[in-house]
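Structural overview for review
Letter by letter, the chains look like this.
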Amino acid sequence: MCPQCDQECAYWRLNSTCESSKKLCIFDSFGTLVFAIFMAIWVTLFLEFWKRYQAQLEYEWDTVEFLEQEEQPRPEYEAKCVHDRVNPITKVTEKVPFTKCGKCLRMSCGIGTVLFWILLIIASVVGIIVYRLAVFFAFSAKLRKATKELEPFREYVTPQNATTVTASLISFVIIMVLNIVYEKVAIWITDFELPRTQTEYENSLTMKMFLFQFVNYYSSCFYIAFFKGKIVGYPGDPVYWLGRYRNEEVSRVFNSLFLPFQSHGGQVNCVDILPI
């Protein structure tokens with residue numbers, strides 16, 4: 001097969017992928033379908049039994065007809081009520097902590113902060129992709145010169161594996177750090193918005209954490225499912241990122257961002273190469 005990079009890489013044999021293709025059978029098999037069906041049934045039953053248990057607790061605690069209007073304001077909210085406002089429903093003058101303009105400003109800051117952190121996650125994923133493209137060439141040159149020293153482990157210490165392991169570790173660290181930092185930021189932003197009741201506070205905080213963690217944990221899976229392998233080149237006509245880095249999808253190097261998903265990446269890359 002064609003070299004995996006422009007200068008330092010040599011030609012490689014397609015049969016070198018046979019071993020990894022055999023290992024794919026552990027994941028890409030009938031058992032995966034059975035597991036998926038089991039998880040779908042289990043999640044559905046879990047939710048239904050939880051709703052039943054929740055209704056039982058509401059009956060025992062006599063909160064079946066509990067209305068949010070009856071919930072008392074939070075002490076933090078009442079402590080900052082300094083502005084007068086006429087309630088549009090009851091027509092009664094009541095104290096509020098901020099004016100309409102102030103409320104819009106606080107909500108805008110909260111939404112902007114969440115969007116900023118989501119964009120930061122997307123930027124980190126793109127950075128890891130560029131890292132893999134750039135570092136693979138460096139590993140190809142260094143490991144090729146150190147062939148004799150790595151002779152007993154030559155089968156395992158390859159540019160593909162070295163790039164995958166380092167990129168996976170970096171991605172793992174980034175995900176954990178962003179998650180820890182954002183948890184504190186989400187609490188601060190929710191306190192800044194100053195919800196009226198404890199229920200509103202919990203709903204606001206939960207929504208912020210859900211949106212961020214969903215993007216943070218599943219951005220790589222989303223990339224694998226919808227973008228990976230869609231931008232490929234052909235022998236003699238490769239695709240370059242940023243005008244410099246050759247797209248490694250041509251040479252089956254682009255494994256998943258995480259080691260647990262590496263088997264899926266190997267299957268896609270083999271399919272990409274075989275028609276060539």
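Residues numbered from 1 in each chain as written. Predicted model: local features only at pLDDT ≥ 70, side-chain atom pairs only at ≥ 80, totals over all residues. Heavy atoms only, no water.

Concerning the overall build of the chain
- In terms of helices and strands, the chain carries seven helices and four strands.
- Taken from the N to the C terminus, the helices and strands of the chain come in the order α-α-α-β-β-α-α-α-β-β-α.
- Within the chain, the proportion of its 276 residues that are buried is 33%.
- As displayed, the chain offers around 18800 Å² of accessible surface, 66% of which is attributable to carbon and sulfur atoms. (Helix = DSSP H or I, 4+ residues; strand = E, 2+ residues; numbered from the N terminus. Buried < 20%, exposed > 50% of the residue type's maximum accessible area, 1.4 Å probe, protein only. Areas by Shrake-Rupley, 256 points an atom, 1.4 Å probe, with all protein chains shown as cover.)

What about a nonpolar patch on the surface?
- There is a patch of nonpolar side chains on the surface, built from Phe172, Val173, Met176, Val177, Ile180, Val181, Met207, Phe210, Leu211, Phe214, Tyr217 and Tyr218 and spanning about 1100 Å² of accessible area.
- Breaking the nonpolar patch down by element, the ones donating at least two residues are α5 (159-193) and α6 (198-226).
- Here Val173 lies in helix α5. (Patch = residues over 30% accessible without salt bridge, like charges linked within 9 Å, V, L, I, M, F, W, Y side chains within 5 Å. Salt bridge = Lys/Arg side-chain N within 4 Å of Asp/Glu carboxyl O.)

Overview of the environment of Glu94
- Positionally, Glu94 belongs in strand β2 (residues 93-96).
- Looking at Glu94, its side chain comes within polar contact range of the side chain of Arg85, at 2.4 Å. (Polar contact = N/O pair within 3.5 Å; in protein donor to acceptor, adjacent residues only side chain to side chain.)

Quick word on the pattern of salt bridges
- Summed over all chains, the structure comprises five salt bridges.
- Across the pair Arg74 and Glu76 runs a salt bridge, and its minimum N-O distance is 3.5 Å.
- Taking the shortest distance from any N to any O, the salt bridge between Lys208 and Glu193 comes out at 3.1 Å. Of this pair, Lys208 sits in helix α6 while Glu193 is found in helix α5, placing the two residues 15 residues apart along the sequence.
- For Glu193, a relative accessible area of 10% puts it in the buried group.

Regarding the packing of α5 against α6
- Taken N-terminus to C-terminus, the directions of α5 and α6 make an angle of 155°; their axes are 10 Å apart at the nearest point. As judged from the angle between their axes, α5 and α6 are roughly antiparallel. Both α5 and α6 take part in a crossing whose hand is right-handed. Here Ile175, Met176, Leu178, Asn179, Tyr182, Glu183, Ala186, Ile187, Ile189, Thr190, Asp191 and Glu193 of α5 come into contact with α6, specifically with Tyr201, Ser204, Leu205, Lys208, Met209, Phe212, Gln213, Asn216 and Tyr217.
- Considered class by class, the residues forming the contact of α5 with α6 number twelve nonpolar, five polar and four charged. (Axes fitted to C-alpha atoms, helices over the stretch in contact; angles between N-to-C directions. Parallel < 35°, antiparallel > 145°, perpendicular 65-115°, else oblique. Left-handed = near helix turned anticlockwise from the far one by under 90°. Contact = heavy atoms within 4.5 Å. Nonpolar A, V, L, I, M, F, W, Y, C, P; charged D, E, K, R; others polar.)

Quick word on the nonpolar core
- Counting residues in hydrophobic clusters, the biggest one holds twelve residues: Val114, Trp117, Ile118, Ile121, Leu178, Tyr182, Val185, Ala186, Ile189, Met209, Phe212 and Val215.
- Elements with a minimum of two residues in this core: α4 (100-145), α5 and α6.
- Per-element accounting of this core gives the leading share, five residues, to α5.
- Not counting residues up to four positions away in its chain, the partners in contact with Val215 are Ile118 and Ile121. (Core = buried A, V, L, I, M, F, W, Y, C linked by side-chain atoms within 4.5 Å.)

A short note on the layout of surface pockets
- Its boundaries defined by the atoms lining it, the second largest pocket holds a volume of some 610 Å³.
- Tyr77, Arg85, Phe98, Lys103 and Arg196 are, among the 23 residues lining the second largest pocket, the residues nearest its centre.
- If you list the elements that add at least two residues to the lining of the second largest pocket, you get α3 (75-79), β1 (83-86), β2, α4 and α6.
- With four residues, α4 is the largest single contributor of residues to the lining of the second largest pocket.
- Taken together, the residues of the lining of the second largest pocket break down into nine nonpolar, three polar and eleven charged. (1 Å grid on protein atoms, 1.4 Å probe; cavity = no way out; pocket = protein on both sides within 12 Å on 5 of 7 lines; lining within 4 Å. Points joined across faces, edges and corners; volume = space filled by probe spheres on them.)

A word on the confidence of the model for the chain
- Here the chain averages 76 in pLDDT, and 72% of its residues register 70 or above.
- Mean pLDDT values for the elements of the chain range from 36 in helix α7 (residues 262-273) up to 92 in helix α2 (residues 30-60).
- Taken as a whole, residues 249-276 scores under 50 in pLDDT and shows 82 contacts with residues more than four places along the chain or in a different chain. (pLDDT = per-residue confidence, 0-100.)

What to know about the side chain of Glu193
- At 3.1 Å, the side chain of Glu193 and the side chain of Lys208 are in polar contact.
- Not counting residues up to four positions away in its chain, the partners in contact with Glu193 are Phe98, Arg106, Met107, Gly110, Ser204 and Lys208.

Here we look at the pairing of β1
- As defined by bridge partners, β1 adjoins β2 across four bridges and the pair is classed as antiparallel. Residue pairing across strands places Val86 opposite Thr93, the latter belonging to β2.
- Remark: six residues form the turn of the hairpin made by β1 and β2, two consecutive strands paired antiparallel; Lys91 in that turn has positive phi of roughly 60°. (Pairing = 2+ DSSP bridges.)

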